[in-house]
Amino acid sequence: MQFLRRIGLILLWLAVPVVAFAAANKNDPYLVPLRGAGNIALVVASIAIVILLLRKGGWRTITGKLLVTLWCLPPVLMSAAHLKFELRKHDVLGASVAEARQLGPHFMVGFSSFPEVARLAEQGLIGGVYVTRHNIRGRTVAALRTEIAALQDIRRAAGLPPLVVAADQEGGIVGHLAPPLTKVPALATLAGLAPEDQQAKAQEFGRIHGRELADLGVNLNLAPVLDLKPPARRNRLDFHTLIGQRAIATDPAVVSTIARAYVRGLEESGVGATLKHFPGIGRVRTDTHHFSANLDAPVGELEATDWLPFREVLSHSRSALMVGHVTLTAVDPERAASHSKRVVDGIIREKWGYQGVVMTDDLVMGAIYQNDVCKAVVEAINAGVDLLLVAYDGAQFYRVFACALDGSRKGTLDSAALRASEARLTRGFPIEQARAASGQIHLVETSPSRIDDNQARGETRTRSR
């Protein structure tokens, strides 16, 4: 019995720093599974352990007093973390109308609570929502359709532009709304077909996705993936990106052919496409869901290979462009492409002449979130990014928006960049057209790849294949 008592005390000493850390960081994306019931369980367990230690005479010795005190910390730390979150949330929700109208259109957020996201939509604090598997799990398509329509009705009543409603339906292993939507094979399964068959099947896949998403009220699909397929087993530690299974092919021409046809199918159904993940993650070994990653290839080599599909599809569609969190070291070794002005403004806007909608990959990913989030948010807006995505953990919206709000109040946001972005979003998501369509299937036209006449004349040679 004495032996078991000692083992129990050792376990309590080992467990208390872990529980205290979890309590202090309750709002961290890595601890999403502990939210709600998990947090309550931690607090109840901590209190129960304190009571047990006191009943067993734990307060009689110095070490016992220390152990009791340590187990008192988790509830206190969790309360402090919750208070910090609520204060930040209060500050964001208290933003002025002018601040909301200036910054809100640039944020797309995932959500679990309809009342909460409805409030953000009504106040103009967001420009779009992201729906995924937890929004449909255990529910009918009709229920989610009704919810999305209600959000658009809220926007219309508030005199605000319709929300961009995005989903992640690539096909294959990434089909976050399938089931209940149709599970479509990965576009990579078409790579071995003859070119005419590739196009026919890819366009059919696009139509299937487009029809079902449009019927649901989704108007932007975060697909297709244009990264080139990496060599087999290149990254043995990639447990989340899994780009080897999602990328279409190693040949840029094959990727372009299939992706163009898929996008055409989506657009025929009234749903926009999003090309991802520029500047390409096929060559990257590190998983940006957790760590920073470098893309070390020369720009000339990338232009001749990895970037060909991006430019080809952008030239023949109205697609948006998603920029990933890899660092393009040959252009800007100091920051990820998603918030690099040299990449977004220098390459995408100026060199390529693309004036459609550019969005970031999820800002909750470790490559950004584990570093200076506020710096990344301000730099992304100043670089010319139009939409900042907060997908996996919608609660992080308050932290991310607070960064932009602070930047606006301190004068570190580029007002000219914000105005240019607002113009792109207006062109990319026409308000009146979307309002007319929202009465039927709540569609908006998405992200035309527009360039002005001077840019078109200057870029004709580089944009044609």
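Just so you know, the residues in each chain are numbered from 1, in the order the chain's sequence is written. Only residues with pLDDT of at least 70 are given local features in this predicted model, and only at 80 or more are side-chain atom pairs given and counted; all residues enter the totals for whole chains, interfaces and linings. Side-chain metrics rest on all non-hydrogen atoms present in the structure, leaving aside hydrogens and water.

Colleague: Kindly report on helix α17 (residues 415–428), identifying the contributing residues and their values.
Modeller: For α17, with 14 residues, the first-to-last C-alpha span of 20 Å sits near the 20 Å given by 1.5 Å per residue. Here's how the labels work: a residue is buried when its accessible area is under 20% of the maximum for its type, exposed when over 50%, partly exposed in between, all with a 1.4 Å probe on protein chains only. Strands here are runs of E lasting at least two residues and helices are runs of H or I lasting at least four, both read from the DSSP assignment and numbered beginning at the N terminus. Residues A417, L418, S421, R424, L425 and G428 constitute the buried set of α17. End-on view of α17: buried residues confined to an arc of 120 degrees, all on one side of the axis. A 3.5 Å cut-off defines polar contacts: any pair of N or O atoms within that distance qualifies, except that in protein one atom must be a possible hydrogen donor and the other a possible acceptor, and neighbouring residues in sequence count only when both atoms are side-chain atoms. The N-capping residue of α17, defined by a side-chain oxygen 2.9 Å from the backbone nitrogen of A416, is D414. To estimate how far a helix should extend, the number of its residues minus one is multiplied by 1.5 Å. The directions considered for the arc run from the helix axis to the C-beta atoms.

Colleague: I'd love a proper account of the packing of helix α1 (residues 2–24) against helix α3 (residues 62–93), names of residues and values included.
Modeller: Closest axis-to-axis distance for the α1/α3 pair is 8 Å, and the angle between their directions is 20 degrees. Classified by the interaxial angle, the pair formed by α1 and α3 is roughly parallel. For the pair α1 and α3, the sense of crossing is left-handed. Contacts between α1 and α3 involve L9, L12, W13, A15, V16, V19, A20, A23 and A24 from the first element and T63, L66, L67, L70, W71, P74, L77, M78 and A81 from the second. To define axes, lines are fitted to C-alpha atoms, for helices over the stretch in contact only, and angles between the resulting N-to-C directions are given on a 0 to 180 degree scale. Roughly parallel refers to an angle under 35 degrees, roughly antiparallel to one over 145, roughly perpendicular to one between 65 and 115, and oblique to any angle outside these ranges. Each crossing is labelled by how the near helix is turned from the far one, with a counterclockwise turn of less than a right angle marking it left-handed and a clockwise turn marking it right-handed. Contacts are residue-level and defined by heavy atoms, with any inter-residue pair within 4.5 Å sufficient.

Colleague: Explain unusual backbone geometry to me, and be specific about the residues and the numbers.
Modeller: In this chain, K276 is followed by H277 through a cis amide linkage whose omega measures 5 degrees. With respect to the element layout, H277 can be found in strand β7 (residues 272–278). Omega for the peptide link from F278 to P279 comes to 10 degrees, which places this bond in the cis form. Secondary-structure assignment places P279 in the loop between β7 and β8 (293–295).

Colleague: If you had to explain the state of the cysteines to someone new, which residues and values would you point to?
Modeller: Counting rule for disulfides: a pair of cysteine sulfur atoms within 2.5 Å. Across all of its chains, the model carries one disulfide by this definition. Here C374 connects covalently by a disulfide to C403, the sulfurs 2.1 Å from one another. Looking down the S-S bond of the C374 and C403 bridge, the torsion is -70 degrees, so its handedness is left-handed. With C374 in helix α15 (residues 373–383) and C403 in helix α16 (residues 397–410), the pair connects residues that are 29 residues apart, well separated along the chain. Since its relative accessible area comes to 35%, C374 is described here as partly exposed.

Colleague: Tell me about the sheet that holds strand β11 (residues 358–360), and please be specific about residues and values.
Modeller: At least two DSSP bridges between two strands are needed for those strands to be called paired. Spatial strand order, β11-β9-β7-β6-β3-β2-β1-β12: eight strands in an open sheet with parallel pairing. Every interior strand has two partners, whereas the edge strands, β11 and β12 (388–390), have only one.

Colleague: Can you tell me about α3, naming the residues and giving the values?
Modeller: End to end, α3 covers 47 Å across 32 residues, agreeing with the expected 46 Å (1.5 Å per residue, within 8%). Fitting axes to the seven residues that end at a residue and to the seven that start at it, the angle between those axes gives the bend at that residue. Largest kink in α3: about 25 degrees, centred on L73, with the proline P74 one to four residues after it. Considered for burial, the residues of α3 that qualify are G64, L67, V68, W71, P74, P75, M78, A81, F85, K89, V92 and L93. In this structure, the buried side of α3 is in contact with α1, α2 (37–55), α5 (114–123) and α16.

Colleague: Just give me the short version of the pattern of salt bridges, but keep the residues and values in it.
Modeller: By definition here, a salt bridge exists when the distance from a side-chain nitrogen of Lys or Arg to a carboxyl oxygen of Asp or Glu is within 4 Å. Evaluation of the coordinates by the stated rule reveals 23 salt bridges. In this structure, R409 and E99 form a salt bridge, with 2.9 Å as the shortest nitrogen-oxygen distance. Residue R409 is found in helix α16, and its partner E99 is found in helix α4 (residues 97–103); the two are separated by 310 residues along the sequence. The exposure class assigned to R409 is partly exposed, which follows from its relative accessible area of 44%. In the salt-bridge network here, residues are joined through shared partners; they are D168, E170, R246 and K276.

Colleague: I'd like a description of the pairing of strand β1 (residues 107–110), backed by residues and values.
Modeller: Burial along β1 is two-sided: the face carrying F107 and V109 and the face carrying M108 and G110 are both buried. The pairing of β1 with β12 spans three bridges and is parallel. Within β12, the position partnered with M108 by the bridge is L389. Sheet topology places β1 next to strand β2 (residues 128–130); three bridges connect them, and they run parallel. When the bridges of β2 are listed, V109 appears paired with V129.

Colleague: Run through the environment of G58, naming residues and quoting values.
Modeller: Within the secondary structure, G58 sits in the loop between α2 and α3. Residue G58 is classed as buried on the basis of its relative accessible area of 14%. Those residues in contact with G58, other than ones at most four positions away along the chain, are L53, G64, K65 and V68.

Colleague: Break down the nonpolar core for me, citing the residues and quoting the values.
Modeller: L125, I126, F278, V377 and F397 are the most contacted members of the largest nonpolar core, which has 105 residues in total. Excluding its chain neighbours within four sequence positions, the residues that come into contact with L125 are V92, L93, A95, A100, G104, F107, L120, F397 and F401. In this text, buried Ala, Val, Leu, Ile, Met, Phe, Trp, Tyr and Cys residues form a nonpolar core when linked through side-chain atoms within 4.5 Å.

Colleague: Can you lay out the pairing of strand β9 (residues 320–323) for me, pointing to particular residues and giving the numbers?
Modeller: Burial along β9 is two-sided: A320 and M322 facing one way and L321 and V323 facing the other are all buried. For β7 and β9, the ladder comprises three bridges, and the chain directions are parallel. Directly across from L275, in β9, lies its bridge partner L321. Pairing geometry for β9 and β11, over three bridges, is parallel. Within the sheet, the bridge partner assigned to M322 lies in β11 and is M359.

Colleague: Outline the packing of aromatic side chains, listing residues and values.
Modeller: Any two rings among Phe, Tyr and Trp, with Trp reduced to its six-membered ring, count as a pair given centres within 6.5 Å; such a pair is stacked if its planes are under 30 degrees apart, edge-to-face if over 60, and tilted if neither. Applying the stated rule across the entire model yields nine aromatic pairs. Ring centres 5.7 Å apart and planes at 90 degrees place the aromatic pair F85 and Y398 in the edge-to-face group. One end of the pair, F85, is in helix α3; the other, Y398, is in helix α16, with 313 residues separating them in the sequence. Taken as a pair, F85 and Y398 share a single burial class, namely buried. Accessibility expressed as a relative area gives 2% for Y398, which makes it buried.

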